[in-house]
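Breakdown of the fold
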Amino acid sequence: MKQAYLTIDDSPTKHTNDFVDWLAARDIPAVFFCIGSSYTDLGIPCEGMEQRPAPILKAISHGYIIGNHTYTHPRFSDLSLAEMKEQVLKTEKIIETLYRQAGKSRSHKLFRFRDLDRGCGTWVVDFNKTGPHTETIQELFLKGVNLKAVTPTAADFEKKEAFQDFLRAEGFSADVYKDITFDWYKDTELAEAVDSLCTYSTSDWMINPDFKEYAKDWPYQSVEALKQKIADDSWLASEESSNIILAHDHNHLFTHTTALLEDMLHQGIHFREFK
Ligand SMILES: [Zn+2]
């Protein structure tokens, strides 16, 4: 059977409540990677858990995992190590409070970077060390990423490593993503990550109507194009390994994202539990 973990970024929004209902009705487990407080994304004002706690409380009470997706959604290569840590810790306080209010204990501490910017911009991993897997990993992480491809400095790499150590010391882990056995994952730095990565991006954000004026040059322009991306992806079709799917909870995107998830169900993908 094709197996995948579903991870949803950028909650809460006005759709989070409906998203929880949609997933619960289909018995689909998921983690919602949530932002702590208000921020702007491409000029669009967005809310965080401080402004909109109710749907997050509901997600927790329905057994969904709340992951840490920073306090104000910055790209971490723009921050100092101290600022990176502050982004995590402020968000942790909010998540802990919401779990307490919901009367639930927290089963997993998961963290995801904005745009998978792990402190080294587009270099999700050190491409000097990915050997025969470089092309596969670049295809996965660089296509359509709205960032300049800049080679990181030695100081950037050091900061990235120090932040991984910090996450580990704070009790974060990616051990929950068992059974990711693609060689390009298990034989590279991807398998060492303490943060949550992905093996398939729905790229749903590219068809967010709010981003329309920026979207002209983006590689996917419609739900149909993104369904074709699903159909064409050989890793997603593989039964040899589980996948980690990245989707988004954005204002005005709910019907598109759920159409893509519905399509994955039709393709025989089973969304597995986080144990
Ligand atoms: Zn995000």
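Residues numbered from 1 in each chain as written. Predicted model: local features only at pLDDT ≥ 70, side-chain atom pairs only at ≥ 80, totals over all residues.

1. Digging into the overall build of the protein chain
- Looking only at helices and strands, the protein chain features nine helices and eight strands.
- Rg of the C-alpha trace for the protein chain: 17 Å, near the compact-globule value of 19 Å for 275 residues, within the 12% margin.
- In terms of principal-axis extent, the alpha carbons of the protein chain reach across some 45 × 45 × 40 Å.
- Considering the protein chain as a whole, with its 275 residues, one finds that 39% of them fall into the buried category. (Helix = DSSP H or I, 4+ residues; strand = E, 2+ residues; numbered from the N terminus. Rg over C-alpha atoms; globule rule 2.2 N^0.38 Å. Buried ≥ 20, exposed ≤ 12 C-beta atoms within 10 Å, placed from the backbone.)

2. Quick notes on unusual backbone geometry
- Put simply, Ser11 and Pro12 share a cis peptide bond, and its omega is 0°.
- On the secondary structure map, Pro12 appears in the loop between β1 (2-11) and α1 (16-25).
- At Asp10, a position not held by glycine, the phi torsion is positive, near 80°.
- Within the secondary structure, Asp10 is located in strand β1.
- Residues other than glycine seldom take positive phi values, yet Asp27 does so here, at roughly 60°.
- For Asp27, the location among the structural elements is in the loop between α1 and β2 (31-34).

3. Remarks on the packing of helix α7 (residues 223-232) against helix α9 (residues 254-266)
- One can describe the packing of α7 onto α9 by two numbers: an axis separation of 10 Å at closest approach and a directional angle of 30°. Taken together, α7 and α9 sit at an angle that is classed as roughly parallel. Here α7 runs over α9; the crossing is right-handed. Contacts from Val223, Leu226, Lys227 and Ile230 of α7 reach α9 at His256, Ala259, Leu260, Asp263 and Met264.
- Per-class residue counts for the contact of α7 with α9 are six nonpolar, one polar and two charged. (Axes fitted to C-alpha atoms, helices over the stretch in contact; angles between N-to-C directions. Parallel < 35°, antiparallel > 145°, perpendicular 65-115°, else oblique. Left-handed = near helix turned anticlockwise from the far one by under 90°. Contact = placed C-beta atoms within 7 Å. Nonpolar A, V, L, I, M, F, W, Y, C, P; charged D, E, K, R; others polar.)

4. Structural notes on helix α5 (residues 154-169)
- Between its terminal C-alpha atoms α5 stretches 23 Å, which fits the 22 Å expected from 16 residues at 1.5 Å a residue.
- Three or more residues of α5 are buried, namely Lys159, Lys160, Phe163 and Leu167. Mapping the buried residues of α5 onto a view down its axis gives an arc of 100°, with all of them on the same face. Residues of α5 that are exposed and point more than 90 degrees away from the buried face comprise Ala154, Ala155, Asp165, Arg168 and Ala169.
- Next to the buried residues of α5 lie α3 (81-102).
- The positive-phi residue at the C-terminal boundary of α5 is Gly171, with phi of around 95°. (Expected span 1.5 Å × (residues − 1). Arc of directions from axis to C-beta.)

Remember, this is a structural readout, not a statement about activity or role.
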